[in-house]
Amino acid sequence: MGNELAGKVAIVTGGASGIGAGIVERFVAEGAQVVIGDIDGDRASALAAKHRGQAISRRSDTGDPDQVNGLVGFAVEQFGRLDIMVNNAGVSSKMHRSFLEDDLADFHRVMAVNVLGVMAGTRDAARHMATNGGGSIINVSSIGGIQAGGGVMTYRASKAAVIQFSKSAAIELAYHDVRVNCIAPGSIPTPLLASSATGMTPEQLERFEQTTRARMRADRPLQREGTPDDVAEAALYFAGDRSRYVTGVVLPVDGGTSAGKPITRRKD
């Protein structure tokens, strides 16, 4: 741990748990002042309390562009600047046995949080950065937005949209020295997987998670489990000066899953 982000101010949406919390912890350890935005205000407040003076929180629903705008304004008001914006907040669509059974009832909510929230966060952060020396915007997608597959179709579509939007925003905002990059995590244990399940007992939910995680491990060339800390390392790279000539990049953090299937070797 060092001071790679000393003097910088960051916002992390969805920062109260999972990948977002991992990014908050890493940024604080590197000297940044961090605003934790999350719809779970109590959990966000508790995490901020661990880092009194370096982290503060604000309850915000990224599905509402006005609240995203308010979060950016809050950060600038409290810390006087904004250098890093991590649009991490996301929700999963519900898992259905077949797409033919999907009623698309959660489409608007998933798109509001996963796409509109990212677009609003990018725009509002960039408005400040464009007149204050530039900055770094990091949008969190998923390998579900890179690889085609069955299940959670709305979620996959939303994460693919984040990737295309991030590349497009990187081109337009480069003139203002605002870098926009994208992280695509995969096979990272977070509460998001459980949230995709519907109508399950606790025992069924546990079996569902175990089965899904086992399938993910079988598809991953690297055999170790990924963690929020792994994603946080990627976010730190994009946030700091080491990536000052890097924009429009989509970086999978997935143990090689998006590269291809693992090789099964015979034991001689």
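Residues numbered from 1 in each chain as written. Predicted model: local features only at pLDDT ≥ 70, side-chain atom pairs only at ≥ 80, totals over all residues. Heavy atoms only, no water.

An unreviewed UniProt entry lists the protein under the name Short-chain dehydrogenase/reductase SDR [Frankia sp. EAN1pec], from Mycobacterium shimoidei.

Asker: Give a description of the pairing of strand 1 (residues 9–13) that names residues and reports values.
Answerer: A large share of strand 1 lies buried, amounting to five of its five residues. Burial along strand 1 is two-sided: the residues Val 9, Ile 11 and Thr 13 and Ala 10 and Val 12 are all buried. As paired elements, strand 1 and strand 2 (residues 33–38) share five bridges and run parallel to each other. Considered in strand 2, the bridge of Val 9 is made with Gln 33. Bridge analysis of strand 1 against strand 4 (residues 84–87) gives three bridges, and the strand direction is parallel. (Buried < 20%, exposed > 50% of the residue type's maximum accessible area, 1.4 Å probe, protein only. Helix = DSSP H or I, 4+ residues; strand = E, 2+ residues; numbered from the N terminus. Pairing = 2+ DSSP bridges.)

Asker: With reference to specific residues and values, describe the sheet that holds strand 4.
Answerer: Pairing is parallel in the open sheet, where seven strands are placed in the order 3-2-1-4-5-6-7. Strand pairing shows two members of the sheet lacking a second neighbour, strand 3 (55–59) and strand 7 (250–253), which therefore form its edges. Going across the sheet, the axis of each strand differs from the next one's by a mean of 20°, ignoring polarity. Where helix 2 (residues 41–50) meets the sheet, it contacts strand 2 and strand 3, and its direction lies at approximately 175° from that of strand 3. Lying on the sheet, helix 5 (residues 153–173) is in contact with strand 5 (135–140), strand 6 (178–185) and strand 7; it crosses strand 6 at an angle near 160°. (Axes fitted to C-alpha atoms, helices over the stretch in contact; angles between N-to-C directions. Contact = heavy atoms within 4.5 Å.)

Asker: Tell me about the packing of helix 3 (residues 65–79) against helix 4 (residues 107–129), residues and numbers included.
Answerer: Helix-helix packing is described using two parameters, namely the angle between the two axes and the distance between the axes. Two elements in contact, helix 3 and helix 4, have axes separated by 9 Å at closest approach and are oriented at 35°. Helix 3 and helix 4 meet at a crossing whose hand is right-handed. On helix 4, the residues that touch Pro 65, Val 68, Asn 69, Val 72 and Val 76 of helix 3 are Leu 116, Gly 117, Ala 120, Gly 121, Asp 124, Ala 125 and His 128. Tallied by class, the residues present in the contact of helix 3 with helix 4 amount to seven nonpolar, four polar and one charged. (Left-handed = near helix turned anticlockwise from the far one by under 90°. Nonpolar A, V, L, I, M, F, W, Y, C, P; charged D, E, K, R; others polar.)

Asker: Residue-level account of a nonpolar patch on the surface, with values.
Answerer: Taken together, Phe 99, Leu 104, Phe 107 and Met 153 make up a surface patch of nonpolar side chains, about 350 Å² in accessible area. Relative to the assigned elements, Leu 104 resides in the loop between strand 4 and helix 4. (Patch = residues over 30% accessible without salt bridge, like charges linked within 9 Å, V, L, I, M, F, W, Y side chains within 5 Å. Areas by Shrake-Rupley, 256 points an atom, 1.4 Å probe, with all protein chains shown as cover. Salt bridge = Lys/Arg side-chain N within 4 Å of Asp/Glu carboxyl O.)

Asker: Requested: an account of helix 2, with residues and values cited.
Answerer: Looking only at helix 2, the buried set comprises Ala 44, Leu 47 and Ala 48. Angular distribution of buried residues about the axis of helix 2 spans 100°; they occupy a single face of the element. Exposed residues pointing more than 90 degrees away from the buried face of helix 2 are listed as Asp 42 and Lys 50. Those residues of helix 2 hidden inside the fold are in contact with helix 1 (18–29), strand 2 and strand 3. (Arc of directions from axis to C-beta.)

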